[in-house]
Amino acid sequence: MVKATWNGVTLAESDKCVVVEGNQYFPLDAVKREYLKESGTHTTCPWKGEASYYSVEVDGKTNKDAAWYYPIPKEAAKQIKDHVAFWRGVNVEVE
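Residues numbered from 1 in each chain as written. Predicted model: local features only at pLDDT ≥ 70, side-chain atom pairs only at ≥ 80, totals over all residues. Heavy atoms only, no water.

The name that an unreviewed UniProt entry assigns to the chain is DUF427 domain-containing protein, with the source organism given as Ktedonobacter robiniae.

So, in structure tokens, the structure goes:
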């Protein structure tokens, strides 16, 4: 089981995560999307495609661009379609 927490709240929990480049990608149905707010930030990975970001909001505090996903991943990264990964202080641990 893998769990992502920030500011004392569980953001995601799953035993079906996909690991890519050391990051745990959680399936969408395991993510508590009420804590995620769309961000206008985008970055590009040469082999995964264009990433979009969410800011995490918990108890009035915001962690800008602390989650990312690939809406239309390239073929080499198709296993992370409909998955979300976390960073920037979000604690991701394997239990």
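Glancing now at the pattern of salt bridges. Tallied over the entire structure, the rule returns four salt bridges. Here K16 and D15 are joined by a salt bridge, their closest N and O atoms 3.5 Å apart. Residue class for K16 comes out exposed when judged on its relative accessible area of 59%. Notably, a salt bridge pairs K78 with E75, separated by 3.0 Å at the nearest N-O pair. Across this residue pair, the class does not change: K78 and E75 are exposed. (Salt bridge = Lys/Arg side-chain N within 4 Å of Asp/Glu carboxyl O. Buried < 20%, exposed > 50% of the residue type's maximum accessible area, 1.4 Å probe, protein only.)

Think of a sheet as strands paired side by side through backbone hydrogen bonds, with each pair either parallel or antiparallel. One open sheet accounts for six strands, arranged 3-4-8-7-6-5; its pairing is antiparallel. The sheet is open, and its two edges are formed by strand 3 (18-20) and strand 5 (36-45), each paired on a single side. Averaged over all pairs of adjacent strands, the angle between their axes in this sheet comes to 35°, without regard to strand direction. The sheet contact formed by strand 7 (residues 61-69) and strand 8 (residues 83-86) spans two bridges and is antiparallel. Bridging from a neighbouring strand, W68 pairs with A85 of strand 8. (Pairing = 2+ DSSP bridges. Helix = DSSP H or I, 4+ residues; strand = E, 2+ residues; numbered from the N terminus. Axes fitted to C-alpha atoms, helices over the stretch in contact; angles between N-to-C directions.)

In this section: the pairing of strand 4 (residues 23-27). With four of its five residues buried, strand 4 lies for the most part within the structure. The sheet contact formed by strand 3 and strand 4 spans three bridges and is antiparallel. When the bridges of strand 4 are listed, V18 appears paired with Y25. The antiparallel pairing of strand 3 with strand 4 creates a hairpin that spans two residues between the two strands, and E21 there sits at a positive phi of about 50°. Sheet topology note: the strand 4/strand 8 ladder contains two bridges and is antiparallel. For F26, the partnering residue across the bridge sits in strand 8 and is V84.

With that settled, the discussion passes to the sheet that holds strand 1 (residues 2-6). Overall, antiparallel pairing links the three strands, which are arranged 2-1-9 in an open sheet. Since the sheet does not close on itself, it has two edges, and those belong to strand 2 (9-14) and strand 9 (91-94), each with one partner. Along the sheet, successive strands turn relative to each other by an average axial angle of 20°, direction set aside. In this structure, strand 1 lies alongside strand 2, joined through five bridges in antiparallel fashion. Note on strand 2: the bridge partner recorded for V2 is S14.

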